[in-house]
Amino acid sequence: MASYGKFQSDNAKYGEKNRDNYNPEFNPTVKPKTDAKESIFEKNLPKWVDFISWCRWESDGLLDLLKPPKGGITLHFDQRVFIRSIMRFFSVYGVFPRGFSKTYLEILCLILVAMLYPNIELALTAQTKENGAKFLSDKYTEITRHYPILKNEVIKTNFSKDGAEILFANNSTITNLPNSQTAKGQRRKRINIEESALLNGEVFDDALAPVVEVPRNTIGKLAIVNPEELNQQINFFTTSGFRNSDEWFRSLKMVDNMVNLEGEIVLGSNWMLACWYGRGSSKEQILKKKKKMSSVSFAQNYNSSWVSFSPYVQRCS
């Protein structure tokens, strides 16, 4: 019977003392990786970590880097505060007038989060799926016109009458959801609620709040939940509504939480701030609208005042 040793390779049969330096079977099979063979990305990995951390903390600075030499927009100070608040706080409540660019900014922040956090699922919610799809479609076109380089981060977009999806190269997605019971059972990591003043408290607690129940897992060998990440973030943006509504009480509660440093912040302004920066209608145009509109409509759409038909509430406010 043939010996098993006859079928072994020279590398297995002979020890180190009997090895032939000219026999290729004795060459090492594992080649050590030296500094000279590292890629540029591996050499500069600590710098990339610092850069991404800076982008997540000062995202308006990242937008300044992405701005094209010609065209684009220059962010105003209030817009920078808006962006940094979304990127830093666990929950933001924003009450702004028409023409402030709040929808533009909140969708821009969704795009930034999708870029900087791989494999994250985000959603913009509105009164109906049609409204949400329209918001995402229009603002995405406007944002990529101001920052064309952002198109390189997107591999596919699907916009229809009642649906919107933006798929990024890092497998992140942005979709639309309705502020209704039909959103029940959906799962996203973070959501921005548009026109939250019209939101019913019971619908929010039953359908929208559980949407962000599952946090994002990091990408890599560990694949863990990052405790320093803004998981389950829910932001509220709207023009003002009526006093004694669920959202009015929510905004007051978030003001208290902001004072107590619980990770929430409330932002707001009337028409004068955006007008001073030259956004939206001019002062003359808005004052003309004030003469034509009812006091309640103007207070809600331009003064950012929560109104009430109750004389007692008005006297106490």
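Residues numbered from 1 in each chain as written. Predicted model: local features only at pLDDT ≥ 70, side-chain atom pairs only at ≥ 80, totals over all residues. Heavy atoms only, no water.

Undergrad: Mind laying out helix α8 (residues 201-208), listing which residues take part and the relevant values?
TA: Within the sequence span of α8, burial applies to Gly201, Val203, Phe204, Ala207 and Leu208. On an axial view of α8, the arc spanned by its buried residues comes to 165°, and they lie on one face. Turned more than 90 degrees away from the buried face of α8 sit Glu202 and Asp205, all of them exposed. Its buried side turned inward, α8 meets β2 (121-126), β5 (173-178), β6 (190-194), β7 (233-238) and α9 (246-259). The N-capping residue of α8, defined by a side-chain oxygen 2.8 Å from the backbone nitrogen of glutamate 202, is asparagine 200. (Buried < 20%, exposed > 50% of the residue type's maximum accessible area, 1.4 Å probe, protein only. Helix = DSSP H or I, 4+ residues; strand = E, 2+ residues; numbered from the N terminus. Arc of directions from axis to C-beta. Contact = heavy atoms within 4.5 Å. Polar contact = N/O pair within 3.5 Å; in protein donor to acceptor, adjacent residues only side chain to side chain.)

Undergrad: I'd like to hear about the pairing of strand β3 (residues 154-159), residue by residue, with values.
TA: One ladder, built from five bridges, connects β3 with strand β4 (residues 164-168); its direction is antiparallel. Bridge assignment links phenylalanine 159 to a residue of β4, and that residue is alanine 164. Hairpin remark: β3 followed by β4, antiparallel, with four residues in the connecting loop. (Pairing = 2+ DSSP bridges.)

Undergrad: Lay out the packing of aromatic side chains in plain terms, naming residues and giving numbers.
TA: In the structure shown here, the tally under the stated rule is twelve aromatic pairs. Measuring from ring centre to ring centre gives 4.2 Å for phenylalanine 96 and phenylalanine 100, while their planes differ by 15°; the resulting arrangement is stacked. A relative accessible area of 4% means that phenylalanine 96 is categorised as buried. Owing to a relative accessible area of 2%, phenylalanine 100 belongs among the buried residues under this scheme. Through pairs of rings, three or more aromatic residues link up here, namely Phe41, Trp48, Phe51 and Trp54. (Phe/Tyr/Trp six-rings, centres within 6.5 Å; stacked < 30°, edge-to-face > 60°.)

Undergrad: Quick rundown of the side chain of arginine 250? Include the residues and the values.
TA: By the secondary structure assignment, arginine 250 is in helix α9. In this structure arginine 250 comes out as buried when scored by relative accessible area, which is 17%. In this structure the side chain of arginine 250 is engaged in a polar contact, spanning 3.0 Å, whose partner is the side chain of glutamate 247. Filtering out sequence-adjacent residues up to four positions away, arginine 250 remains in contact with Tyr93, Phe204 and Phe236.

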